[in-house]
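Structural characterization, general
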Amino acid sequence: MKTIKQWLLTATLMCGLAFTASCTKDGDVIYQTDPADQASTAPLVSVIYDPNALGDRGYNDLIYQGVENAARKNGLRTMQISPATVDEGLAYLQFLFEALGAMDDTVRRLVVVAAASYDDYLRKNSSLLESSPNTNLLYLETETPLAGKGSTLYLNYYGAMYEAGAISPIEATDVLLVGANPHVKTVTDAMQGYTDGFQASPVAIEGQREKKLVTAWLSDQVSGGFTLADSSAIRLMVTQEWMSDRHLLVPICGGSISSFRRIIEMFDIYDFVGIDCPTVSAHCNFSIVKHIDRAVQQCIEQWLSPEGMPKHQTFGLADGYTGVEIHPYNEDSKLRFSKWLSNDLQQRIHQEAIRKEAEYGK
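A brief report on the enclosed structure follows. (Residues numbered from 1 in each chain as written. Predicted model: local features only at pLDDT ≥ 70, side-chain atom pairs only at ≥ 80, totals over all residues. Heavy atoms only, no water.)

1. Considering helix H5 (residues 158–167)
Each full turn of the α-helix corresponds to 3.6 residues, which orients residues three or four apart in the same direction. Taken across its 10 residues, H5 has 10 buried, putting it largely inside the fold. Listing the buried residues of H5 in full gives Tyr158, Gly159, Ala160, Met161, Tyr162, Glu163, Ala164, Gly165, Ala166 and Ile167. Taken together, the buried residues of H5 touch helix H6 (185–199), strand E10 (247–252), strand E12 (274–276), strand E13 (286–290), strand E15 (322–326) and helix H11 (343–359). (Buried < 20%, exposed > 50% of the residue type's maximum accessible area, 1.4 Å probe, protein only. Helix = DSSP H or I, 4+ residues; strand = E, 2+ residues; numbered from the N terminus. Contact = heavy atoms within 4.5 Å.)

2. Remarks on the nonpolar core
In this structure, Leu176, Tyr194, Met237, Leu249 and Val250 are the most contacted members of the largest nonpolar core, which totals 51 residues. Looking at this core element by element, the count peaks at 7 residues for H5. Discounting residues that sit within four places of it in the chain, Tyr194 has contacts with Met161, Tyr162, Ala164, Gly165, Ser168, Val175, Leu177, Leu213, Leu248 and Val250. Judged by nonpolar contacts, the second largest core, of 30 residues, contains Val45, Leu153, Val296 and Phe315. (Core = buried A, V, L, I, M, F, W, Y, C linked by side-chain atoms within 4.5 Å.)

3. Some points on the sheet that holds strand E9 (residues 212–217)
What the 4 strands build is an open sheet, ordered E9-E8-E10-E11; its pairing is parallel. The open sheet has two edge strands, E9 and strand E11 (271–272), and neither has a second partner. Where strand E8 (residues 174–179) lies against E9, 6 bridges are found, and the strand directions are parallel. Note that in E9 the partner of Gly179 across the bridge is Trp217. (Pairing = 2+ DSSP bridges.)

4. So, the environment of Thr314
Within the secondary structure, Thr314 sits in strand E14 (residues 312–315). Exposure remark for Thr314: the relative accessible area of 40% places this residue in the partly exposed category. The contacts of Thr314, once residues within four sequence positions are left out, are Tyr154 and Asp319. Separated by 2.9 Å, the side chains of Thr314 and His312 make a polar contact. (Polar contact = N/O pair within 3.5 Å; in protein donor to acceptor, adjacent residues only side chain to side chain.)

5. A few points about the packing of helix H2 (residues 59–74) against helix H9 (residues 292–304)
Running from N to C, H2 and H9 point in directions that differ by 40 degrees, and their axes come no closer than 7 Å. Seen along the crossing, H2 lies across H9 with a hand that is right-handed. Along its contact with H2, which presents Tyr59, Leu62, Ile63, Gly66, Val67, Asn69, Ala70, Lys73 and Asn74, the element H9 presents Ile292, Asp293, Val296, Gln297, Ile300, Glu301 and Leu304. Of the residues that constitute the contact of H2 with H9, the class distribution is 9 nonpolar, 4 polar and 3 charged. (Axes fitted to C-alpha atoms, helices over the stretch in contact; angles between N-to-C directions. Left-handed = near helix turned anticlockwise from the far one by under 90°. Nonpolar A, V, L, I, M, F, W, Y, C, P; charged D, E, K, R; others polar.)

6. Quick notes on the sheet that holds E13
Spatially, 3 strands are ordered E12-E13-E15 in an open sheet, and the strand pairing comes out mixed. Looking at strand neighbours, the two that pair on one side only are E12 and E15, the edges of this open sheet. Across this sheet, the average inter-strand angle for adjacent strands is 15 degrees, counted without regard to direction. When E12 meets E13, the two strands line up parallel, connected through 3 bridges. Bridge pairing links Ile275 to Ile288 in E13.

7. Thoughts on the environment of Val175
Looking at the element boundaries, Val175 is found in strand E8. On the accessibility criterion, Val175 (0% relative accessible area) is buried. For Val175, the residues in contact, after removing those within four places along its chain, are Tyr194, Phe198, Lys212, Leu213, Val214, Trp242, Leu248 and Val250.

So this is what it looks like as structure tokens:
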């Protein structure tokens, strides 16, 4: 049985599909009706995220920004949905598929799914959209194309993570690598890339101790680990046994990064690596970036074009959609990086990371 909140959000979705949706937020659905044009025929892009995903100051917020950038540039309507639970998100997705499959107007509609939590439903039900020629689907961050209607996109993080792992000994030889859960391929590829780069690092720092890498998972559920209580973050960090007094956290865990960052900046116990976008902090001297905003915007513009979206696309380090950005916060950090990471060494590591990414998974 639906809750009152679910009934209200279902009504909102129906209004969004029929009229216009855009940039204000009411509850969990970002939408706005246009009183001047209640029968708008502008293309509509609807996005469904993982539970409570928006506001992570990283990956999901970048997707949101990419969608809104495409909307402003191309005169689109948008509806962006960040549910409270996986079940709620699945209910929204089921409603969208059923409603869109029955649409017989000429309005172009694109559903963007930004969560592996709904993988099973998508693969079993994407054919529901085949009866609607003006509707399409974009499923983000999967290497496996959909059998039915829809396109898929994968941004390979392995190479950028490999490069980051290879330069990390400049920052610290004790590293805590934290993943949200072992069931999301983008997370596991990133974890493996960082591990491989760290272990193969050509950086040789005089007097530095033997390297130590500890890997931890926050959850065993496909939708778990992307949010975390501060107390759990503290417990994970302070219970480690390190060999030196400089420790580095690499958090590949979505919104949980915020909890780790708060604790680090409060107690000054680690440095950390920024994930998905450059991070400004006295404890963060380099970031691993993923330009999912640019990739999503490009897919939307492909969808609008006469050629349409390709069935599947993969981008990575060689394409410039992922990378490492070094941004030392103070003079000591700048001196440390400049001493141990020459331009020549940095370029050699970068090219090796591109080569490793191309080989990975073959």
